[in-house]
Amino acid sequence: MSNAFFESRMQQEWWRGAVLYEVYPRSFQDSNADGEGDLPGLTQRLEYLQELGVDGLWIGPFFRSPMKDGGYDVADYQSVDPRFGTLEDFREMLEKAHRLGLKVIIDQVYSHTSNKHPWFLESARSPSSSKADWYVWADAQPDGSPPNNWLGRFGGVAWEWGSQRRQYYLHNFIVEQPDLNLHHPEVQEAILEVARFWLKLGVDGLRLDVANFFMHDPLLRDNPPRTEEHTEVNPYYFQQHVYDRSRPENLAFLRRLRQVLDEFPERMTVAEIACDQQLERMAEYTRPGLLHTAYSFALLGPDLDGELIASAVQEASQHQAWPSWAFSNHDVKRVASRWAGDPPELSRVRMLLALLLSLRGTVFLYQGEELGLPHSEVPQERLQDPEALRFWPVHRGRDGARTPMPWDVQGEQAGFSRHEPWLPVEPAHLPRSVNLQEMQPGSPLHFSRKVIGYRRQRSSLKVGEFDLLRADRGWLEFLRSSGLEVTWCAFNLSGDRRPLPLPEGSWAAAPAIEQGRLSGARLGQEFLLEPGGFVLWENQKE
């Protein structure tokens with residue numbers, strides 16, 4: 001079949017090439033002055049997302065939870081935690097989002113629950129309880145030690161003693177997050193019903209938290225040690241995680257989940273992949289009949305490297321997977337602080353936004369990324385993140401990415417709340433508040449709107465092919481093409497001027513988008529591109 005056929009089909013699938021905005025609801029907008037963001041607050045701010053031009057939003061967990069891990073410890077999958085509002089508040093938010101033309105994706109946490117979930121309380125009661133095998137229980141070794149050498153992602157062993165059963169239970173994350181036993185048919189059915197519940201309410205997609213952790217090795221074999229040298233502070237990374245995650249048994253369950261999604265037209269799944277072979281898993285999990293798309297931490301690391309970015313996009317294309325890409329999210333240091341300097345340089349902030357929005361795949365922007373927000377410095381006494389609490393001061397955890405959204409430079413708590421917020425407002429965010437950037441035509445906010453709008457109207461950027469021209473650590477240059485439409489994209493990631501040879505043909509800069517600075521007289525067919533500069537140029541059709 002022709003490329004035109006496939007591109008026409010891709011255009012009909014709304015999520016392909018879409019730009020989705022991640023909302024961390026606890027830090028987006030507080031509507032009731034309790035210091036925590038909530039669903040009515042999000043509803044109040046939906047016009048902001050519509051004006052930004054995104055296709056939809058991904059909302060982090062808002063389900064009933066003790067909040068030991070930011071809501072990823074779910075105590076009731078089908079109810080809203082009172083701190084975020086009510087189920088009716090969710091329905092109102094969803095209705096308004098759809099009215100504004102915004103799709104809504106919600107987090108789903110199927111790997112584990114809270115230890116306060118009724119399922120776990122019943123399972124922990126006795127080996128003969130009705131849900132005895134709904135979680136992963138195992139006997140102690142003869143000396144009383146845990147069943148094997150598996151370690152928890154946030155430090156320590158991955159097993160906790162249950163005194164009622166006199167057995168250990170598995171927790172890949174914190175002690176309060178026991179792992180579900182998704183090998184059990186009844187557990188699978190219960191989880192699929194959770195998915196149906198939210199799909200029937202009208203959500204447009206499900207973001208699957210740690211999707212490669214759904215299954216474990218039933219034989220509970222020990223993980224082998226890592227053989228290469230490493231300097232990790234967390235002992236979790238001393239092992240090769242071949243038996244506690246990314247198990248092949250996962251695929252059969254993902255196929256069942258996809259069948260549920262297919263019961264509801266125009267819905268989608270996006271999986272979070274966290275493992276060593278993350279690009280391979282992305283491709284594996286998005287085969288026909290499995291998930292729609294997936295994202296990994298491939299572009300969420302500490303180094304800005306044009307060759308790494310190019311290889312990630314190319315590898316996804318070679319596997320015929322439809323990838324999703326993000327430069328920031330609630331789990332990592334903000335990209336403006338990782339890759340744009342300290343303090344972030346405005347030109348580099350713009351370049352990174354243009355680069356992300358030029359990649360082939362579905363794009364996720366994290367709240368505040370459109371403002372160029374730097375990472376927050378949260379004092380030790382205000383930390384909430386279990387990872388930060390365990391590894392301070394060597395590792396400061398994820399709270400710095402989760403501080404309140406700055407709406408108003410002069411408003412109380414930056415316009416987020418009339419009460420002291422659960423995490424402090426970052427002073428460095430105030431000059432980058434939404435209301436200030438609205439008045440600055442050259443601000444990252446205005447720039448984001450322009451580039452998002454440009455991507456939406458260019459099929460080459462939204463669903464077109466990716467053809468690499470040049471890449472090294474400090475440079476990335478490629479063509480995006482769809483039929484006769486071609487967009488030429490070049491990014492100077494380095495700290496030096498770099499030559500910019502013109503490809504063949506006739507080109508013009510993308511309208512209304514401030515390009516990277518070209519310096520020097522034109523040298524034959526070559527310009528010089530300033531550090532942190534970029535070009536987005538269109539082919540001139542004859």
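An account of the accompanying structure is given in this report. (Residues numbered from 1 in each chain as written. Predicted model: local features only at pLDDT ≥ 70, side-chain atom pairs only at ≥ 80, totals over all residues. Heavy atoms only, no water.)

## Points about the packing of aromatic side chains
Then step 1. Applying the stated criterion across every chain, the model contains 35 aromatic pairs.
Then step 2. Geometrically, the ring pair formed by Y236 and Y237 is edge-to-face, given 5.3 Å between the ring centres and 90 degrees between the ring planes.
Then step 3. A relative accessible area of 0% means that Y236 is categorised as buried.
Then step 4. Summarising the aromatic geometry, the rings of F491 and F534 are spaced 6.2 Å apart at their centres and angled 15 degrees between planes, so their arrangement reads as stacked. Residue F491 is located in strand β16 (residues 485-492), and its partner F534 is located in strand β21 (residues 534-539); the two are separated by 43 residues in the primary sequence.
Then step 5. Among the residues examined, F534 registers a relative accessible area of 2% and is labelled buried.
Then step 6. These aromatic residues form a ring-pair network of at least three members: Y77, Y110, W119, W134, F214 and F253. (Phe/Tyr/Trp six-rings, centres within 6.5 Å; stacked < 30°, edge-to-face > 60°. Buried < 20%, exposed > 50% of the residue type's maximum accessible area, 1.4 Å probe, protein only. Helix = DSSP H or I, 4+ residues; strand = E, 2+ residues; numbered from the N terminus.)

## Thoughts on helix α4 (residues 87-99)
Then step 1. The end-to-end C-alpha distance of α4 is 18 Å, a good match for the 18 Å that 13 residues give at a rise of 1.5 Å each.
Then step 2. Taken together, the buried positions of α4 are occupied by D89, F90, M93, L94, K96 and A97. An end-on view of α4 places all buried positions within 165 degrees of arc, on one side of the element. Exposed residues pointing more than 90 degrees away from the buried face of α4 are listed as E95 and R99.
Then step 3. If you follow the buried residues of α4, they end up packed against α2 (39-44), α3 (46-52), β2 (56-59), β4 (76-80), β5 (103-108) and α6 (185-201).
Then step 4. Where α4 ends, the next residue or the one after it, G101, has phi of about 85 degrees, a positive value. (Expected span 1.5 Å × (residues − 1). Arc of directions from axis to C-beta. Contact = heavy atoms within 4.5 Å.)

## Here's the deal with helix α7 (residues 250-261)
Then step 1. Here α7 contains twelve residues, and its C-alpha end-to-end distance of 17 Å stays within 8% of the 16 Å for a straight helix at 1.5 Å per residue.
Then step 2. Buried within α7 we find N250, L251, F253, L254, L257, R258, V260 and L261. Viewed end-on, α7 has its buried residues packed into an arc of 165 degrees, placing them on one side of the element.
Then step 3. Structurally, α7 contributes buried residues whose contacts are with α6, β9 (205-208), β10 (268-272) and α8 (278-285).

## A short note on the environment of P218
Then step 1. Relative to the helices and strands, P218 resides in the loop between β9 and α7.
Then step 2. On a C-alpha basis, the gap between P218 and V136 in space is 9.2 Å, while along the polypeptide they are 82 residues apart.
Then step 3. Residues in contact with P218, not counting those within four places in the same chain, are H183 and E249.

## Some remarks on the nonpolar core
Then step 1. Grouped together as the largest cluster of nonpolar side chains are 130 residues, with contacts concentrated most on Y21, L49, F62, F90 and F491.
Then step 2. The dominant element in this core, judged by the number of residues it contributes, is α6, at eight residues.
Then step 3. With twelve residues, the next largest nonpolar core counts L479, L500, W507 and F527 among its residues. (Core = buried A, V, L, I, M, F, W, Y, C linked by side-chain atoms within 4.5 Å.)

## Regarding the pairing of β16
Then step 1. Here β16 lies mainly inside the structure; eight of its eight residues are buried.
Then step 2. Counting the residues that bridge the hairpin from strand β15 (residues 475-482) to β16 gives two residues, and of these G483 lies at a positive phi of roughly 65 degrees.
Then step 3. Here five bridges tie β16 to β21, and the two strands are oriented antiparallel to one another. Note on β21: the bridge partner recorded for A490 is V535. (Pairing = 2+ DSSP bridges.)

## Quick notes on the environment of A510
Then step 1. Structurally, A510 is set in the loop between β18 (507-509) and β19 (518-523).
Then step 2. Residue A510 is classed as buried on the basis of its relative accessible area of 4%.
Then step 3. For A510 and P406, which are 104 residues apart along the polypeptide, the C-alpha to C-alpha distance reads 30 Å.
Then step 4. Filtering out sequence-adjacent residues up to four positions away, A510 remains in contact with Y454, Q515, L536, W537 and E538.

## Side note on the side chain of T269
Then step 1. Following the sequence through the fold, T269 ends up in strand β10.
Then step 2. Residue T269 is classed as buried on the basis of its relative accessible area, which comes to 0%.
Then step 3. When neighbours within four sequence positions are excluded, T269 is seen to be in contact with L206, L208, L261, L291, H292 and T293.

## Some thoughts on the sheet that holds strand β11 (residues 293-295)
Then step 1. Pairing within the open sheet is parallel, and its eight strands lie in the order β11-β10-β9-β5-β2-β1-β13-β12. Two strands in the sheet have a free side with no partner beyond their single neighbour: β11 and β12 (324-326). Adjacent strand axes in the sheet meet at a mean angle of 25 degrees, parallel and antiparallel pairs treated alike.
Then step 2. Alignment of β2 against β5, held across four bridges, turns out to be parallel. Residue pairing for β5: W58 is matched across the bridge by I105.
Then step 3. Most of the contacts of helix α11 (residues 346-356) go to strand β13 (residues 362-366), to which it runs at about 145 degrees, and overall it touches β12 and β13. (Axes fitted to C-alpha atoms, helices over the stretch in contact; angles between N-to-C directions.)

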